[in-house]
Structures are given as structure tokens and as C-alpha cells.
Amino acid sequence: MSNLDRAPVPSVCGGRGFVVAEPVRELLSPRHVRLGESTEVRRLLPNLGRRMIGAWAFVDHYGPDDIADEPGMQVPPHPHMGLQTVSWLHEGEVLHRDSTGSLQSIGPRELGLMTSGRGISHSEESPRSHARFLHGAQLWVALPDAHRHTEPAFEHHARLPTLTAPGLTATVMLGDLDGATSPGTAYTPIVGADLALARGAAVRLPLVPDFEYGVLSMSGEVHVDGVPVLPGSLLYLGCGRDELPMRAESDAGVMLLGGEPFAEELVMWWNFVGRTQAEIEQALADWASGGRFGEVKGYEGAPLAAPELPATPLKPRGRVR
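Residues numbered from 1 in each chain as written. Predicted model: local features only at pLDDT ≥ 70, side-chain atom pairs only at ≥ 80, totals over all residues. Heavy atoms only, no water.

1. Remarks on the packing of aromatic side chains
Aromatic rings considered in pairs are described by the distance between their centres and by the relative angle of their planes. Applying the stated criterion across every chain yields a total of six aromatic pairs. Ring geometry for Trp270 versus Phe272: centroids 5.6 Å apart, planes at 85 degrees, classification edge-to-face. Judged by its relative accessible area of 2%, Trp270 is buried. Note on Phe272 and Phe293: the rings are 5.8 Å apart at their centroids and 25 degrees apart in plane angle, and the pair reads as stacked. One end of the pair, Phe272, is in strand E26 (residues 272–274); the other, Phe293, is in the segment after helix H1 (277–289), with 21 residues separating them in the sequence. (Phe/Tyr/Trp six-rings, centres within 6.5 Å; stacked < 30°, edge-to-face > 60°. Buried < 20%, exposed > 50% of the residue type's maximum accessible area, 1.4 Å probe, protein only. Helix = DSSP H or I, 4+ residues; strand = E, 2+ residues; numbered from the N terminus.)

So this is what it looks like as C-alpha cells:
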């Protein structure tokens, strides 16, 4: 997933100085961003006041969009470095291509996990013949310094572990939840889980007190620790919780995102996660000249041109603005 803003705002994030070490209820509203020809996303991270949740550094929610007579998602080849991308659908289908030679269709509740490492490029598109509705989330996970220069790779996991309770089915897409572990490769202590709740369900999810958490609402209405969370919004929960009460006011779908607070300070600009402005500048030059990020074969269209760097120096500062 690309950040298609033509004037992207540098995001400085990471470091534990601003981690909320106790339970909180901080409701984040989205920023609306146009993505391609017919898709608008609701961007929850990075947010004006909250940059990360664990290693989760970027969260877009989109749909449900009626694309029966539209091209749907059309994101040309673009580069990434220093992160993992997570593609997650509730409805529809996305065709992933990348410079390692991967060509993979991703369907609802299947994990598409791309590790950019030192550098990769990819495209995403709705197939020509596609379902009427497109609904999902795109997320980035920051890679720690020890792994951010790893070789690029792509994983597709159609079958993922699930947990069930009365009125709840939880699919573990990344990391571990209550003993169920995703097959997706993780480089930091992390959790990402998709929760399907039936109307009237009241559950208490087990959490890790040292993790910080957030809940992204995908559909329906659910009360999270007493706070109504509606589709397209994200409730930041801080640390210090060993369980999380949830009650579904309707059939609902939410995503639980969490992890150990990310210690390193980062610079995130366009589709790059680095540590210094010099690294971002080098990645920008490498994308323009070709080579480092490889070639995406089979996509009908030109790669994305990078936007211009801002005049303001990029400096890593911390997790909040």
C-alpha cells in the first residue's frame, strides 16, 4: 500500500518517551485521503497526536466501496523500505505484484504480508473481474534496526489461527493472542487480530500489560471499555491492561492492534521508514535511478513518481507531534 499524497507530511515517530504507561481511552478521528481512481481511505495512523501503536506505524481503513462499475483499487508500482505491509480484506479481492516476482490474489481474511527490508517495489489492483464491494485495511509495521536491511520477501497465508468464544471469532493475523500464533513473520513483539462480534456479545479479551493497544472499527458498533467506536475510527488504549472488555451493539468487526512500544526513533516520509534524512534522500534517488527497488512486472502502467522532499529538515523526534 502506498502513501499517494503528492505533498506527504514527514512523520517522526518511535521512542518510548511518549508511551502512555497506563490505560487510557483516546479516540482518534481519521484523515480522508484519495487513493487511486476510485478509492478513498480513512487514515488513522500516523495521526495528529498519535504516531504509533507498538510497531504499527500506518493504518488506512477503506470501504465498503461499491466498485461494480469502477476499476476499484489501482495503485501503480511504488517503493518501500524499512517496513512490512499488511493487506487485510473483509470484502473483495486485491492482486499483489512485487519486484521479488510475487503475483498473488488476496481475499477476505487472508494475510498478505510484504517485508520490504532494504528495498522492494509493488503494485496493488482490483482484478478486471471483481466483486461488487471492496472493504479492508492496509497497515505498516516498522522494522527494528537489526532487521530493516533484510532481504525483501512476500508471504501469503490463506489459513490463520482463530479463537472462539460466545459471540466472538478472533482471527490472529500477526503475532500472538491468547496462545494462538500467526504464521506471518514478525520482527518485534506484536499482535494484530481481526474480531468478528455478534450483536449483543460481551467479551473480555486477554491482553499483555507491557503492550500498548488500539482498536480499529471496521463495521458495526462496538463499545470498547465503555467507549462507542464507530467504523473508521480508532481507539488508543495505552498500556497496563491485562484484559479488554468489549460489547457489540450490532454485528461488528474490529481489529485489535498492539505490541511492545517501539524503542527506536524513526523518520517516515512517503513510503520510506528510515532513521535519518540522508537515508530518505538516498532512497528517493535510488527510486529515481532504478535498481535497488527492482521491477514490478505485469502491471499495465507506469510506476509512481516520488513527490519532492519538503524544505524542512526531517528529524526523528518521538511518537507524538
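2. Focus on the environment of Pro189
With respect to the secondary-structure elements, Pro189 resides in the loop between strand E16 (180–181) and strand E17 (190–197). Its relative accessible area of 39% is what places Pro189 among the partly exposed residues. Excluding residues that lie within four positions of it along the chain, Pro189 makes contacts with Phe211, Gly259 and Glu260. (Contact = heavy atoms within 4.5 Å.)

3. What about the pairing of E17?
Burial analysis of E17 places seven of its eight residues in the buried class, the great majority of the element. One ladder, built from seven bridges, connects strand E15 (residues 168–177) with E17; its direction is antiparallel. Within E17, the position partnered with Leu174 by the bridge is Gly192. Pairing of E17 with strand E24 (residues 252–259), which is carried by eight bridges, proceeds in the antiparallel orientation. Paired with Ala193 across the two strands is Leu256, which belongs to E24. (Pairing = 2+ DSSP bridges.)

4. Some details on the UniProt feature "domain: Pirin C-terminal" (unreviewed entry) in the chain
Look at the UniProt record and you will see "domain: Pirin C-terminal" (unreviewed entry) annotated at residues 193–293. The span residues 193–293 is 13% helical and 50% strand by assignment, and the distance between its end C-alpha atoms comes to 30 Å. (UniProt positions renumbered as here; feature names shortened; annotations may be inferred.)

5. Structural notes on the side chain of Arg275
Here Arg275 lies in the loop between E26 and H1. Accessibility expressed as a relative area gives 12% for Arg275, which makes it buried. Among the polar contacts listed, one links the side chain of Arg275 to the backbone oxygen of Leu143, at a separation of 3.0 Å. In this structure, Arg275 is in contact with Leu143, Pro144, Asp145, Arg148, Phe262, Glu264, Glu265, Leu266, Val267 and Pro316, ignoring residues within four places of it in sequence. (Polar contact = N/O pair within 3.5 Å; in protein donor to acceptor, adjacent residues only side chain to side chain.)

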